[in-house]
Amino acid sequence: MIPYGHQIIDAADRKAVDKILQSDWLTQGPKVLEFEQALAKYCGAKYAVACTNGTSALHLAYLAAGLKHGDEAITTANTFVATANMLLVVGAKPIFCDIRNDTYNIDESKIERLISKRTKAIVPVHFAGQPCELARIKKIAKKHRLLVIEDACHALGAKYKNTKIGSCKFSDLTIFSFHPVKSITTGEGGAILTNSKHYYQKLLSLRNHGIHKDAHGKNVMTALGYNYRLTDIQAALGISQLKRLNLFISQRHQVAAWYNDELGSVKEIILSKEIVGNYSAWHLYVIRVREPQARDKLAAYLKQQGIGVNFHYPAVYSHPFYQKNGYKSLKLKNTEEYQKSCITIPCYVQLTRADVKQIAKVIKDFKIFK
Ligand SMILES: *Cc1c(COP(=O)(O)O)cnc(C)c1O
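As a starting point, this report considers the structure included with it. (Residues numbered from 1 in each chain as written. Predicted model: local features only at pLDDT ≥ 70, side-chain atom pairs only at ≥ 80, totals over all residues. Heavy atoms only, no water.)

### A look at the nonpolar core
- Of all hydrophobic cores here, the largest spans 32 residues; its most connected members are F35, L39, L156 and L193.
- Only α2 (30-43), β1 (47-51), β9 (190-194), α7 (232-242) and α8 (245-263) provide two or more residues apiece to this core.
- The greatest single-element share of this core, amounting to six residues, is contributed by α2.
- The residues that make up this core include at least three from each of domain 1 (11-242) and domain 2 (245-369).
- Leave out the neighbours within four places in its chain, and F35 touches A50, F178, I184, T186, L230, A235, G238 and I239.
- Of all hydrophobic cores here, the second largest spans 31 residues; its members include A256, W282, L298 and A360. (Core = buried A, V, L, I, M, F, W, Y, C linked by side-chain atoms within 4.5 Å. Buried < 20%, exposed > 50% of the residue type's maximum accessible area, 1.4 Å probe, protein only. Helix = DSSP H or I, 4+ residues; strand = E, 2+ residues; numbered from the N terminus. Domains from an automatic or database assignment. Contact = heavy atoms within 4.5 Å.)

This is the structure in structure tokens:
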């Protein structure tokens, strides 16, 4: 079975982890700080706070931003449920904006009409690693005094107009995940980046039970926090992986280029494309089937032929939990069309030209396409 995504771990990664296992620090220690500094430097942001996963990174970012009961945040339904779930966890309401038909990212031209008195933040998600139209989003946010919190779980290593995602040039906070299918992995892991010292200090405290040192150096708890600490074992892996991140992303670009080459002539599907000004992290390679009735059959056929496929994503509001909790009548046009027609085909660093050729052949052989 060729999976849809896979981590890549080498001898240097194993050595880095082994070194920590033989040291005195296993929990959060010097390696976490080193990882945070390396990550901030890579992205061009002032501060990074590492934590247990992308979901806790979202939770911490929303808390640091002050999102609370009665607030609304405008986001996309074409994302992993965690983006919206954590809004609900802090008591805020996700307001889903429709997506663009070319990038499947939030449609920035439809954001403004969703803004209400309760709106506090815009949460763009760089779907599949392709950056959202951040300059436009930031402009809207500035005009209406809203925060921008980027869910960049797909987009570590991506660039928007030559600016690294994570720089927070167009946002207040940016969060990443280091789950094994993402750009780099620490097993489980996540981080929040920011240029604000205020948010940075809040995040550090909330990650550690809301405890921090007061003016006299005494540990005090001043907010209700969590234990969302990353371990030095994971951080060592992250530091080692980060060194190869650019290499990983360029290989993903190669895979995407191979797909575009192999599948360009198949008129029954729509391929993913990078738009001008974007350098994608190619976290996912999504194809769309023009005849949505054929989508599930193609997916089943690919699976049967040993090719791991997935659907990214069923609209968040279509899940039973959201249907039961106020989103039953919501139907966003592009999101609806997209969710019925998308298939994610394998895209990861180790995929070879031969693998891509084979996957493309199976797609071309699919009987409905003949
Ligand atoms: C992976 C992912 C998350 C959650 O990250 P975890 O590390 O799995 O908790 C959140 N948002 C998006 C868009 C993701 O892809």
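### Here's the deal with the site of the ligand
- Within the structure, the ligand sits among 15 residues, and G54, T55, H154, S177 and K182 are positioned closest to it.
- With respect to the ligand, the side chain of T55 contributes an N or O atom lying 2.6 Å from an oxygen atom.
- A distance of 2.8 Å is found between a nitrogen atom of the ligand and a side-chain nitrogen or oxygen belonging to D151.
- For the ligand, the accessible surface in isolation is 380 Å², of which the surrounding protein chains cover 92%.
- Put simply, the parts of the chain that give the shell around the ligand at least two residues each are α3 (54-64) and α4 (82-89).
- In terms of residue class, the shell around the ligand is made up of five nonpolar, eight polar and two charged. (Near = heavy atom within 4 Å. Polar contact = N/O pair within 3.5 Å; in protein donor to acceptor, adjacent residues only side chain to side chain. Areas by Shrake-Rupley, 256 points an atom, 1.4 Å probe, with all protein chains shown as cover. Nonpolar A, V, L, I, M, F, W, Y, C, P; charged D, E, K, R; others polar.)

### With respect to the pattern of salt bridges
- Tallying each qualifying case throughout the model produces 20 salt bridges.
- R244 serves as the salt-bridge partner of D10, at 3.4 Å between the closest nitrogen and oxygen. Of this pair, D10 sits in the segment before α1 (11-21) while R244 sits in the loop between α7 and α8, and the two are 234 residues apart along the sequence.
- According to the relative accessible area criterion, D10 is partly exposed, its value standing at 25%.
- The salt bridge partner of K120 is D71, with a shortest N-O separation of 2.7 Å. (Salt bridge = Lys/Arg side-chain N within 4 Å of Asp/Glu carboxyl O.)

### Thoughts on the layout of surface pockets
- In this structure, the largest pocket occupies an estimated 320 Å³ of space.
- Forming the boundary of the largest pocket are 23 residues, of which F80, S177, H179, K182 and Y313 lie nearest the centre.
- When grouped by side-chain class, the residues that make up the lining of the largest pocket number nine nonpolar, 11 polar and three charged.
- Those elements that provide at least two residues to the lining of the second largest pocket are α2, α6 (197-207) and β10 (211-213).
- When residues of the lining of the second largest pocket are assigned to their parent elements, the largest contribution, four residues, is made by α6.
- Of the residues that constitute the lining of the second largest pocket, the class distribution is five nonpolar, five polar and three charged. (1 Å grid on protein atoms, 1.4 Å probe; cavity = no way out; pocket = protein on both sides within 12 Å on 5 of 7 lines; lining within 4 Å. Points joined across faces, edges and corners; volume = space filled by probe spheres on them.)

It is worth stressing that arrangement in space is one thing and function is another; only the former is reported here.
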